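Residues per chain, in single letters:
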Amino acid sequence: MTTSSVRNFQMVRRNWLDVDPSKKGSWTWKSVESARLILVAGACKQVNNGESILTWEDPWVPDLPYYKSVPLSPEMQSRCLVVSQILTPDKSRWDESKLYELFTEESAKAIKKIPVKVSQREDKWLWLKSHKGKLSVKSAYKELLDHSVPNVSDQVKSKIWKSKIHDRLKIFLWRVALDILPTKEKLTRFFPAMDPKCPLCDASPESSLHLFVYCHVAIFLWAGNEWGCRPEAIQFDCPVYA
Ligand SMILES: [Zn+2]
């Protein structure tokens, strides 16, 4: 997924971020749909000339929940309004009387914090989860992990930390249990064209648990190791994902 994917939201449908996912569509498209919640968490429009930002529909106020402005009353939402219309006629600052006439006080205050530059540049999408405002696989992946790390049971924690192995291996095992390794199964959420199958058996999706515990090649390798490690003894799947 690239920054251009975010810029091209409008090519899909203006309200794509707000409507329920389509049940139809290709596997690739469904992969894009599955990433939508991540995009909603970080995608916000930067006000330049303000002419392409729909005041009520688009995310454009960084300090508000979901970056959406809130109308002072529901009737306000029936007014089709773009952001440039709430600037002063010379487009050099916010029109404060309009702000307090249209928005809740919280929204008006948050909008006033947005700097206004006299500009003819088009508005653009920003990804607020990265310092540079650009969407990258790395930042989207981090966002995904922040929202999807499962609770690891005390039983599993105890087994991992009390095992007599090097600390580095304990940390690695911990990451397997949390399922936060960049496996193909995870990466296909961002690279739909990637083959998600395990390169060892070419049968199941390459998840952490499959790769290190359930893949028949992994089972064979574990069985032959000289250290007596038996990952299946930890029972990752049951308490971790219960
Ligand atoms: Zn496999």
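Sequence order as written defines residue numbering, which begins from 1 separately in each chain. Whole-chain, interface and lining totals are the exception, using all residues; otherwise, since this is a predicted model, local features are given only for residues with pLDDT of at least 70 and side-chain atom pairs are given and counted only at 80 or more.

A. Representation of the overall build of the protein chain. Only DSSP runs of H or I covering at least 4 residues are called helices, and only runs of E covering at least 2 are called strands; the numbering of each starts at the N terminus. When its secondary structure is counted, the protein chain shows 13 helices and 2 strands. Relative to its full complement of 242 residues, the protein chain shows a buried share of 21%. Counting other C-beta atoms within 10 Å of a residue's C-beta gives its exposure: the residue is buried at 20 or more, exposed at 12 or fewer, and partly exposed in between, where C-beta atoms are placed from the backbone.

B. Representation of helix 6 (residues 105–112). What helix 6 keeps buried is the set S107, A108 and I111. The buried residues of helix 6 occupy an angular sector of 100° when projected down its axis, which confines them to one face. Arc definition: it is the arc formed by the directions from the helix axis to the C-beta atoms.

C. Structural detail: the nonpolar core. By size, the foremost hydrophobic cluster in this structure holds 17 residues, and its most contacted members are C44, W60 and V83. Put simply, the parts of the chain that give this core at least two residues each are strand 1 (43–46), helix 6 and strand 2 (124–127). Here the element with the most residues in this core is strand 2; it accounts for 3 residues. V156, L173, V176 and A177 belong to the second largest nonpolar core, which has 5 residues in total. Joining buried Ala, Val, Leu, Ile, Met, Phe, Trp, Tyr and Cys residues through C-beta atoms within 7 Å gives a set, and that set is a nonpolar core.

D. The confidence of the model for the protein chain, seen in detail. A residue's pLDDT is the predictor's confidence in that residue, given on a scale from 0 to 100. Per-residue confidence for the protein chain gives a mean pLDDT of 76, with 71% of residues at or over 70. Of all helices and strands in the protein chain, the one with the weakest mean pLDDT is helix 13 (residues 237–240) (43), whereas helix 6 scores best (95). Here residues 1–12 scores under 50 on pLDDT; set against residues more than four positions off or in separate chains, the count is 15 contacts. Overall, residues 238–242 carries pLDDT values under 50, and its contacts beyond four positions in sequence, including any with other chains, amount to 9 contacts. Any pair of residues counts as being in contact when their C-beta atoms, constructed from backbone geometry, are within 7 Å of one another.

E. Highlighting helix 9 (residues 167–178). How far a helix is expected to stretch is found by multiplying one less than its residue total by 1.5 Å. Helix length check: helix 9, at 12 residues, gives a terminal C-alpha distance of 16 Å against a target of 16 Å (1.5 Å per residue), a fit within 8%. With its phi angle positive at about 60°, D179 sits one or two positions after the end of helix 9.

F. Up close: the environment of M76. Tracing the backbone shows M76 in the loop between strand 1 and helix 5 (96–102). Distance from M76 to L102, taken between C-alpha atoms, is 6.7 Å for residues 26 residues apart in sequence. Contact partners of M76, with chain neighbours within four places excluded, come to P71 and L102.

G. Spotlight on the environment of K197. Within the fold, K197 resides in the loop between helix 10 (184–187) and helix 11 (208–214). According to the C-beta neighbour criterion, K197 is partly exposed, with 16 such atoms within 10 Å. Sequence separation of K197 and K184 is 13 residues, and the distance between their C-alpha atoms is 7.2 Å. For K197, the residues in contact, after removing those within four places along its chain, are D202, A203, S204, P205 and E206.

H. Molecular detail of the environment of L54. Inspection of the secondary structure assignment puts L54 in the loop between strand 1 and helix 5. Taking the number of C-beta atoms within 10 Å as the measure of exposure, L54 has 14 and is therefore partly exposed. Note: C-alpha distance between L54 and C80 (26 residues apart in sequence) is 7.6 Å.

I. Local environment of unusual backbone geometry. Phi at Y67 takes a positive value of approximately 60°, unusual for a residue other than glycine. Residue placement: Y67 occurs in the loop between strand 1 and helix 5. Positive phi, close to 60°, is recorded for K91, a residue that is not glycine. Looking at the element boundaries, K91 is found in the loop between strand 1 and helix 5. Given 15 C-beta atoms within a 10 Å radius, K91 is considered partly exposed.

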